[in-house]
Amino acid sequence: MEALSKKSVADINTANKRVLVRCDFNVPLEGGKITSDKRIVASLPTIRYLLDKGAKVILCSHLGRPKGEFLPEFSLVPVAGRLSELLGRPVKMAKDVVGESAQSLSESLLSGEVMLIENVRFHKEETKNDPAFSRQLANLADIFVNDAFGSVHRAHSSTTGVADYLPAVCGFLIQKEIDFMGGALAEPKRPLVAILGGAKVSDKIGVIENLLDIVDVLIVGGGMSYTFQAAQGHNIGTSLCEGDKLDLALAMLKKAQDKGVKFLLPVDTVVGKEFKPDTEFKTDHAQDIEDGWMGLDIGEETRKIFADAIKGTGTVIWNGPMGVSEWPNFAGGTIAVATAVAESGAISIIGGGDSAAAVQKLGFADKMSHISTGGGASLEFLEGKELPGIAALMDK
Ligand code: AMP
């Protein structure tokens, strides 16, 4: 994979310019109140940088799935309120997305002022990447900045289409994703170890395929590991198994062998009677699980083997928990791997979604080099796919 090199806000002059910034303000709301402002806080470095440079900042985002209708429960008004508190200055809220309110506010904006337009998904044209709508968005500004990594795998008007009409660069959040994830895939500090877990092989086929071309070691744990065991004829009891992926699992093992990639699977596993947090549990051989038991975490021996493989490596990429880490009785394997990654001294990159949440919840967030902010987007990145929202940005 070739290294990505995209221009960022720091590479262009934004003083006195109207700058449209695509943020990820898709925050959780309950009864109109924001229950976590993490995504708003994450957007602050790019916004503050632009304001300090004297830009006129016009923010946009999607929120939920209003499906092309103006629905008040998906309004970004609560975001404007919280953002204004965090920035310590007013955030002007447009009543529409590309209508008269947004247009006139954007024209009257002064240097160092900030405004937010309404939810881009109030227009059905947004998700269709409609050129006329993209142009209307572009009409609000002189420069486009994309800082919503969680949406770069979608070719929508506010993530991709608008870049046809404006000079387009990335913000600091996307820059960090490109530097770490892009860097690890294109020019990794070796040895490069990837750890994959989570529920299903089928969700991560593309990731495994792509990573087998790049990594030195591939570690597979979690629910998906049992399909690999079953494919080799082992007993897996009532563990998760994708019967239609057995051939594919064998093909992956063969590919690893052909490529000289070390492929590590669990040797022991914590099994439970039922899929319940308080079910009876014990440790069993991963290749010979007793009938009537299901694998819900990696065992002690496996934790040691995985930790040894992680120790002293150059780069670690991790996506997916080693077991049902939401349940304390089956979180031990994920905690052990998180500890090993944190102590490895390697460049550590955590793919988004469940693994990012697990690492945060378990208290390892500040020990990792990079935790991706996008679930689906980071998976597609690891699959080696071109992400339309990044491809649309200007090269350095
Ligand atoms: P993913 O979204 O593919 O990363 O999968 C994450 C989910 O996989 C989490 O909700 C885990 O509880 C689940 N998971 C991990 N290991 C197992 C397992 N052995 N059996 C069932 N579910 C699992």
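The following refers to the structure shown. Every value quoted in this text rests on a predicted model; they were computed, and no experiment measured them.

### Quick word on the overall build of the chain
If you tally the helices and strands in the chain, you get 13 helices and 19 strands. Taking 2.2 N^0.38 as the reference for a compact globule, 396 residues should give roughly 21 Å; the C-alpha atoms of the chain span a radius of gyration of 23 Å, in line with that estimate. Dimensions of the chain along its principal axes, counting C-alpha atoms only, are 70 × 45 × 35 Å. Burial analysis of the chain (396 residues in total) assigns 54% to the buried set. Across the chain, contacts joining residues at least 24 apart in sequence account for 73% of those joining residues at least 6 apart. About 16400 Å² of surface is accessible on the chain, with carbon and sulfur atoms providing 50% of the total. Charge separation in the chain, taken as the distance between the mean sites of 42 positive and 51 negative side-chain charges, equals 5 Å.

### Some points on the side chain of N146
For N146, the position within the fold is in strand β7 (residues 143-146). A polar contact is formed between the side chain of N146 and the backbone oxygen of T159, at a distance of 3.4 Å. Setting aside anything within four residues of it in sequence, one finds N146 in contact with R22, V152, T159, V169, C170, G171, I174, G389 and L393.

### Observations regarding unusual backbone geometry
Working note: non-glycine residues mostly have negative phi, and peptide bonds are mostly trans. Looking along the chain, the bond that leaves R190 and enters P191 is cis, with omega of 0°. Relative to the assigned elements, P191 resides in the loop between α5 (172-186) and β9 (192-196). At N16, a residue that is not glycine, the phi angle is positive and equals roughly 65°. Here N16 lies in the segment before β1 (18-22). In this structure, K67 is a non-glycine residue whose phi angle is positive, near 55°. Inspection of the secondary structure assignment puts K67 in the loop between β4 (56-60) and α2 (77-87). Assessed through its relative accessible area of 71%, K67 is described here as exposed.

### Some thoughts on the pairing of strand β16 (residues 294-298)
Here β16 lies mainly inside the structure; five of its five residues are buried. Taken together, the four bridges between strand β13 (residues 268-272) and β16 define a ladder with antiparallel strand orientation. Each residue of the ladder has a partner; that of V271, found in β16, is G295.

### Side note on the pattern of salt bridges
Counting across every chain of the model gives 16 salt bridges. Taking the shortest distance from any N to any O, the salt bridge between D24 and R39 comes out at 3.4 Å. Placement of D24 in the loop between β1 and β2 (29-30) and of R39 in helix α1 (residues 38-52) is noted, with a sequence separation of 15 residues between them. Relative accessible area serves as the criterion here: at 35%, R39 is assigned to the partly exposed category. The salt bridge partner of E85 is R82, with a shortest N-O separation of 2.6 Å. Here E85 pairs with R82, and both are found in helix α2, just three residues apart, close to one helical turn. You can call R82 partly exposed: its relative accessible area is 25%. Within this structure, E209, D213, K255 and K259 form a network of salt bridges that share partners.

### Section: the packing of aromatic side chains
Inspection of every chain in the model, using the stated rule, returns seven aromatic pairs. Seen in terms of ring centroids, Y49 and F172 are 5.1 Å apart; in terms of plane orientation they differ by 85°. Their pairing is edge-to-face. In this pair, Y49 sits in helix α1 while F172 sits in helix α5, placing the two residues 123 residues apart along the sequence. Assessed through its relative accessible area of 22%, Y49 is described here as partly exposed. According to the relative accessible area criterion, F172 is partly exposed, its value standing at 29%. Ring centres 6.2 Å apart and planes at 35° place the aromatic pair F149 and F381 in the tilted group. Residue F149 is found in the loop between β7 and β8 (168-170), and its partner F381 is found in helix α12 (residues 375-382); the two are separated by 232 residues along the sequence. Residue classification places F149 among the buried residues on the basis of a relative accessible area of 1%. These aromatic residues form a ring-pair network of at least three members: F275, F281, W327 and F330. It is K282 that lies over the ring of W293; its NZ or CZ is 4.4 Å from the centre.

### Brief notes about the sheet that holds β13
Strands sit in the order β14-β13-β16 across an open sheet of three strands; the sheet is antiparallel. Only two strands of the sheet have a single neighbouring strand rather than two, namely β14 (281-285) and β16. Strand-to-strand twist across the sheet, computed as the mean angle between neighbouring axes with direction ignored, equals 45°. Relative to β16, helix α9 (residues 300-310) is tilted by about 40°, and along the sheet it contacts β13 and β16.

Parameters and conventions
Residues numbered from 1 in each chain as written. Predicted model: local features only at pLDDT ≥ 70, side-chain atom pairs only at ≥ 80, totals over all residues. Heavy atoms only, no water. Helix = DSSP H or I, 4+ residues; strand = E, 2+ residues; numbered from the N terminus. Rg over C-alpha atoms; globule rule 2.2 N^0.38 Å. Buried < 20%, exposed > 50% of the residue type's maximum accessible area, 1.4 Å probe, protein only. Contact = heavy atoms within 4.5 Å. Areas by Shrake-Rupley, 256 points an atom, 1.4 Å probe, with all protein chains shown as cover. Lys, Arg positive; Asp, Glu negative; His and termini not counted. Charge placed at Lys NZ, Arg CZ, Asp CG, Glu CD. Polar contact = N/O pair within 3.5 Å; in protein donor to acceptor, adjacent residues only side chain to side chain. Pairing = 2+ DSSP bridges. Salt bridge = Lys/Arg side-chain N within 4 Å of Asp/Glu carboxyl O. Phe/Tyr/Trp six-rings, centres within 6.5 Å; stacked < 30°, edge-to-face > 60°. Lys NZ or Arg CZ within 6 Å of the ring centre and 35° of its normal. Axes fitted to C-alpha atoms, helices over the stretch in contact; angles between N-to-C directions.

Interpretation in functional terms is not warranted from these geometric data alone.
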